[in-house]
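Topology and contacts: notes
Chain by chain, the residues run as shown.
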Amino acid sequence: MQGSCLGSIKSGIFMKTCNQDFVDIVGWVRLGRISASTSWSALFSRLWLVVLFCFALAGCEMQPPGSERDVEFERLTSRAQQVSITRDDFGVPHIYGKTDADAVFGLLYAQAEDDFNRIERNYIWAMGRLAEIEGEAALYSDVRARLFMSLEQAQQAYEQAPPWLQDLCDAFADGLNFYLATHPQVKPRLLTHFEPWMPMFFSEGSIGGDIEQIPLGGIAAFYGEDQNVAVESSAVANNGLLVEPKGSNGIAISGDLTESGHALLLINPHTSFYFRGEVHVVSEEGLNAYGAVTWGQFFVYQGFNEDTGWMHTSTRLDFMDEFIEDVTEIDGQLVYRYGEELRPVQVSDVLLKYKAGDETLEKRFPLYHTHHGPVTHKLNDRWVATKINWDPVNALRQSFIRTKLANHAEFREMMDIRTNSSNNTVFADTDGNIAYYHGNFIPRRDEQFDYSQPVDGSDPRTDWQGIHEVEESLTILNPENGWLQNCNSTPFTAAGEFSPRREDFPYYMAPDPKNFRGIQAVRLLTAGKNWDMEKLLDLAYDPYLVGFEKLVPGLIFAFDQEGSTDPDLKAAIEILRNWDLKSGLDSTALTLAHFYGLHYGRWGQNPLALSRSALIDYFGTTSPLDERLAMFSEVLANLTADFGGWQIPWGEVNRLQRITGDINQPHDDTAASLPVGMASGRWGALASFGAKRYPGTKKIYGTSGNSFVAIVEFADKVKAKTLLAGGQSGDPLSPHFYDQAERYIQREFKTIAYYPDEVRARAVETYQPGLR
């Protein structure tokens, strides 16, 4: 065909696809599979594709063979033939490849089928190109990304990676590029071609450095037009009560405490909904991992294989520091003091593009670095450099190796790579081992300095002194109590009375406070026995809300002491007095308590500058009694104004809704939604459902919390049950866009297909990439 004929569609794969469509249609007729349930639109779409292709062939001359694009496409087509994808009845892709790289090729192809939009958005953001699609306001997100890695540095990191990791990165790019080549109807917002060095940017987050913890306000104030503005350090916290907690729950139970004698593992990340998909990826080189994968990454992030399971929870361990630099200018050169010497500030620049209406404009920014790291903001007119772990090659190495290990000894060896920055890890295996690792990347510091605040970068004693060995950190292996938990809280309760002791470790290793979820998890685990998968699910969905243990009685006490003639106030207090502090669809008490807690957090006095659980308890024990009653009266008035009355069951206001495939979901009180009985993690809900109001809504809609949940039993054959919020696909037209929503609300987990016979029994469709 001539270059203009059929656009970028490649004739070889297209002909093969059309031939297969024709064969499929004939086969359906012969086998009697066309019935009332047949998707006639899909049937005629595939037949119409054949007709269109025939017309195209009749009207076009064939392109001379051997063009560079055709050679590349034939290479990708040949690679695709090494991969098979089976979709089960929930749309979960089971990807099979001959090599690990083949499996990664199929994994990225399958991810793109499910939600290319999120893959592309993740890489646009990670590479510092967000302003090209979102406009000038996103420029400082891009500046932040480029402060920590340039495009050239990402390319160099790829070149320095071991050959096996380069192969995986090549497969990553090939899988996505083959998807785009075979889906010309997909129109990327920006990235029309993926490169093998791109994963070096997206080792970011919980597996590498965590630049999202560096406030954009400081970046904008320092690198923006008003560079004299000082902003608060990222070490300065607000009360946190109005922000939905981010984190996860991980629990491991030894076979000594289970009915079956096999270890159990709870995998319960609390992320934004649809942040990760569910996959099963297998190769003939020993890969057989099942679990949650972040869109665009090529490894199972939280999951299990036949022998081991791993759950990551966000840590509060101090893994990043801010250094106040003493910067001056001498003879036109910026220098900073370090001990007795003056060192030059490394000055570079970056040219960034941004969208402005229908135009694309450019803006150049200077970038400043000291040996501590990039300069990210000012504090009291002093420059501040932020140092984090940034080692993308080893972060990717560790993340993929983790998925293929056979026992705890191998897992422990993998942890020696030490690039897992912002995670704790809960582990279990088929040998009956359970283990807990509090963090992994832990800088060694001089304890005379307070690293919870910015430190003096001119004093060499404040520099990091290497990285702690794993054996120096807080780890627990097979504790006598037989269980381990972490719910983003202190490690000193991770194994009950058999937990590590705070005095044995540097303060910066475990500044994590207790939280309500952790308190409830310990209570339930301590009381439990004869555990099985269902009992562990009961624990994971326990409705009791520890966060109201002091807040609600404190309000009732204020009413009893102060009194009131308001009949509505008295009636509402009586509802709370009779409440068992459990969440549920029909609970009016939870509606009252939830909005009371949030309203108090927004408007109540906080003289001790407390945050999160400490502030909630303060409002129930120490705050003025009249203030408590005033806040609650305002809540009743607000509920009446919004809903016509304050006696509202929780399920009427707390909703799940998925209208579109947009990353930032719209919400609409007039559109269909589902009632949810779960509550926010801020109140101690183990099964967290983070809901809030959106523009134009009175009801609150959940968008974070329980997202992917799995219960795993490491028996002779591994068994697991899983659940996603919503569904596997980001396409509203897919049957798997919202097919797990009711199951999510009702706690109806699906049993996974893991072994080949199980996958075949549940198979709905099996195909090679490009031939679906």
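For the structure, see preceding data.
Report follows, based on the coordinates. Being a predicted model, the structure only gives us computed values, none of them experimental.

A few points about the overall build of the protein chain
- Regarding its fold elements, the protein chain presents 21 helices and 29 strands.
- Counting all 772 residues of the protein chain, 57% fall into the buried class.
- Considering only contacts in the protein chain between residues 6 or more positions apart, those separated by 24 or more positions represent 69%.
- Looking at the protein chain as shown, the accessible area adds up to about 31,600 Å², and 50% of this sits on carbon and sulfur atoms.

Considerations on the packing of aromatic side chains
- Taken as a whole, this structure holds 40 aromatic pairs when the rule is applied.
- When the centroid spacing of 5.6 Å and the interplanar angle of 55° are considered together, the rings of Y596 and Y600 count as tilted. Taken as a pair, Y596 and Y600 lie in helix α16 (residues 588-603) at a separation of four residues, close to a single helical turn.
- For Y596, a relative accessible area of 1% corresponds to the buried category.
- What makes Y600 buried here is its relative accessible area of 0%.
- Members of the aromatic cluster, joined through ring pairs, are F73, F105, Y109, F116, Y123, F172, F178, Y179, F194 and F202.
- Sitting above the plane of the F90 ring, K750 keeps its charged end 5.6 Å from the centroid.

Considerations on the side chain of R79
- Relative to the helices and strands, R79 is located in helix α3 (residues 68-80).
- Polar contacts involving the side chain of R79 include one to the side chain of D174, which spans 2.8 Å.
- For R79, the contacting residues outside a window of four places in its chain are A101, D102, F105, D167, D170, A171 and D174.

With respect to the nonpolar core
- Counting 112 residues, the largest nonpolar core has V143, F172, M200, Y223 and F298 as the members making the most contacts within it.
- Residues within four places of M200 in sequence aside, it is in contact with M149, A154, A157, Y158, A161, C169, P392, V393 and L396.
- Formed by 78 residues, the second largest nonpolar core is a distinct cluster that contains V653, W683, I700 and I745.

Concerning the sheet that holds strand β12 (residues 341-344)
- Across the sheet, three strands lie side by side as β10-β11-β12; this open sheet has antiparallel pairing. The open sheet has two edge strands, β10 (327-330) and β12, and neither has a second partner. Averaged over all adjacent pairs, the angle separating strand axes in this sheet is 45°, with direction ignored.
- Bridge count between β10 and strand β11 (residues 333-338): four bridges; the pairing is antiparallel. Looking across to β11, one finds that T328 is bridged to V335.

Considering helix α18 (residues 625-643)
- For α18, built from 19 residues, the straight-helix expectation of 27 Å at 1.5 Å per residue is met to within 8% by its first-to-last C-alpha distance of 27 Å.
- Along α18, the residues that are buried comprise E627, R628, L629, M631, F632, V635, L636 and L639.

Here's the deal with the packing of helix α14 (residues 548-562) against α18
- For the pair α14 and α18, the least separation of the axes is 9 Å and the interaxial angle reads 110°. Overall, the two elements α14 and α18 adopt an arrangement that is roughly perpendicular. For the pair α14 and α18, contact is made by G554, L555, F557, A558, F559, Q561 and E562 and by L625, D626, R628, L629 and F632, respectively.

Some details on the pairing of strand β16 (residues 382-387)
- Relative to β16, strand β9 (residues 321-325) is paired through five bridges, and the arrangement is antiparallel. Opposite E322, over in β16, you have T386 as the bridge partner.
- Judged from the four bridges that link them, strand β15 (residues 373-379) and β16 form a sheet pairing that is antiparallel. Following the sheet pairing, L379 is matched in β16 by R382.
- Hairpin connection of β15 to β16: two residues between the antiparallel strands, including N380 at a positive phi of 55°.

How each quantity is defined
- Residues numbered from 1 in each chain as written.
- Predicted model: local features only at pLDDT ≥ 70, side-chain atom pairs only at ≥ 80, totals over all residues.
- Heavy atoms only, no water.
- Helix = DSSP H or I, 4+ residues; strand = E, 2+ residues; numbered from the N terminus.
- Buried < 20%, exposed > 50% of the residue type's maximum accessible area, 1.4 Å probe, protein only.
- Contact = heavy atoms within 4.5 Å.
- Areas by Shrake-Rupley, 256 points an atom, 1.4 Å probe, with all protein chains shown as cover.
- Phe/Tyr/Trp six-rings, centres within 6.5 Å; stacked < 30°, edge-to-face > 60°.
- Lys NZ or Arg CZ within 6 Å of the ring centre and 35° of its normal.
- Polar contact = N/O pair within 3.5 Å; in protein donor to acceptor, adjacent residues only side chain to side chain.
- Core = buried A, V, L, I, M, F, W, Y, C linked by side-chain atoms within 4.5 Å.
- Pairing = 2+ DSSP bridges.
- Axes fitted to C-alpha atoms, helices over the stretch in contact; angles between N-to-C directions.
- Expected span 1.5 Å × (residues − 1).
- Parallel < 35°, antiparallel > 145°, perpendicular 65-115°, else oblique.

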